[in-house]
Amino acid sequence: MHTYLPFDTILFALLIYYKLRETELNKNSKLKKILTLRTFKVLFSELREKFETKKAEEYWQNLSSNFDFKLLKNIFPELEERFKLKYEHYEEHSMFEKVNLYDEVIDDNDPFVHEITKHFFEMASDNTDFLQNFEDYLEMYAQSRFKGKKVYKYLEQKKILEEIFSKYIQKAGNNYIILSYDELLKINNKYPVAVLEYIAYNYGLDEYKIDKFNYLEPQGCFLYNDLSKFEIHFHKNVKEFSDNDKQIIYFYLNGSTVTEIKYCKKTIKLSKNEMFIVSGLFNAKNHRELAEKLIANPNSTKLPLKTAISKLNKKFKDIQKELNFSEIKNFIISEMNDKKESEYLISTDYKVKSCQL
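Computed from a predicted model, the values in this text were never measured in an experiment. (Residues numbered from 1 in each chain as written. Predicted model: local features only at pLDDT ≥ 70, side-chain atom pairs only at ≥ 80, totals over all residues. Heavy atoms only, no water.)

## Points about unusual backbone geometry
Here is step 1 of the chain: With a phi angle near 55°, S144 is a residue other than glycine that sits in the positive phi range.
Here is step 2 of the chain: Looking at the secondary structure, you find S144 in the loop between α5 (128–142) and α6 (154–172).
Here is step 3 of the chain: Since its relative accessible area comes to 31%, S144 is described here as partly exposed.
Here is step 4 of the chain: For C264, which is not a glycine, the phi torsion comes out positive at approximately 50°. (Helix = DSSP H or I, 4+ residues; strand = E, 2+ residues; numbered from the N terminus. Buried < 20%, exposed > 50% of the residue type's maximum accessible area, 1.4 Å probe, protein only.)

## Section: the nonpolar core
Here is step 1 of the chain: F12, L37, F76, F134, F165 and F230 are the most contacted members of the largest nonpolar core, which has 64 residues in total.
Here is step 2 of the chain: No other element matches helix α1 (residues 7–25), which puts 11 residues into this core.
Here is step 3 of the chain: For F76, the residues in contact, after removing those within four places along its chain, are F12, I16, L37, L85, Y87, F121 and M123.
Here is step 4 of the chain: Among the nonpolar cores identified, the runner-up in size contains 27 residues, and F241, L253, I261 and I277 belong to it. (Core = buried A, V, L, I, M, F, W, Y, C linked by side-chain atoms within 4.5 Å. Contact = heavy atoms within 4.5 Å.)

## So, the layout of surface pockets
Here is step 1 of the chain: Size it by volume and the largest pocket reaches roughly 1300 Å³.
Here is step 2 of the chain: Taken together, 28 residues line the largest pocket, and the ones lying closest to its centre are K158, K159, D318, I319 and E322.
Here is step 3 of the chain: At the level of elements, α6, α8 (195–204), β9 (266–269) and α12 (305–322) are the ones that each hand at least two residues to the lining of the largest pocket.
Here is step 4 of the chain: In terms of residue count, the dominant contributor to the lining of the largest pocket is α6 (10 residues).
Here is step 5 of the chain: Residues that form the lining of the largest pocket fall into these classes: seven nonpolar, six polar and 15 charged. (1 Å grid on protein atoms, 1.4 Å probe; cavity = no way out; pocket = protein on both sides within 12 Å on 5 of 7 lines; lining within 4 Å. Points joined across faces, edges and corners; volume = space filled by probe spheres on them. Nonpolar A, V, L, I, M, F, W, Y, C, P; charged D, E, K, R; others polar.)

Pasting the structure below:
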């Protein structure tokens, strides 16, 4: 359990998790078999020479599954072993109804030759063990406890992936993100991230809503004939905050030292350097004068004061961007005093509330 799933396996695991979880949330569901994945393969080895036209051959080649069935036959046993997935797999062999591919009537006296092999993978609705075990896997992922794959720690992955997702949102002009299999694989291989685990984990936290897991042919009956046609459609759940929420910053103090800040239910943990700066500003008269310590010793922080404050403002603006606020405002601003010197202060756009830890 301490290794990552192969990319194609996590794709199917997420698909099954999504379908099972959505059904579990539907309390009125009485279905015993809630998910059936079906696909088929035309047996070209028996029929290839009989195609009368190139067009006919291309048609059936496109319709027939390009899956390596060894892949599917490996994926499901692995999901059974890792997460105790309950499923059934069976095959059916058939002809094209009463005629074959060429509209030739089948003679009952002729030897029966299979023209199609159908594969069925059925998942039971009582897969609670799978749901729990898969969520445990995602929790271990978020804790960076896996071995065997070089990826950044979760928070570093979050920064990379949210930036990538933001570009898709900006390009689309709405809050929706559509990623194809090829795009997902490209992100996964280009960056030190586990993109499918990230989506699955945040879906489990209700940070994301999966709107569509596009895995079926338009007829809605069969799996796409190859993985390159898979798509995931999802969006960030936008949390609503009142204007009052957006104006209040909560300072948590240990004595006179501000140790962390909360804004719209998001926490900013402060480094010692940042604690010093924010505490100085908090304790300054009316939050509008630079604290005496900073005036007396402007080099007392490890970073230049301007740089340190810029970093603090970025953390604050990142929260506003993450929550899709239309107005992005600095937390700390600067003003010129009578001596034409820059003074840093907490913006009057915000109300500060404090509590002792």
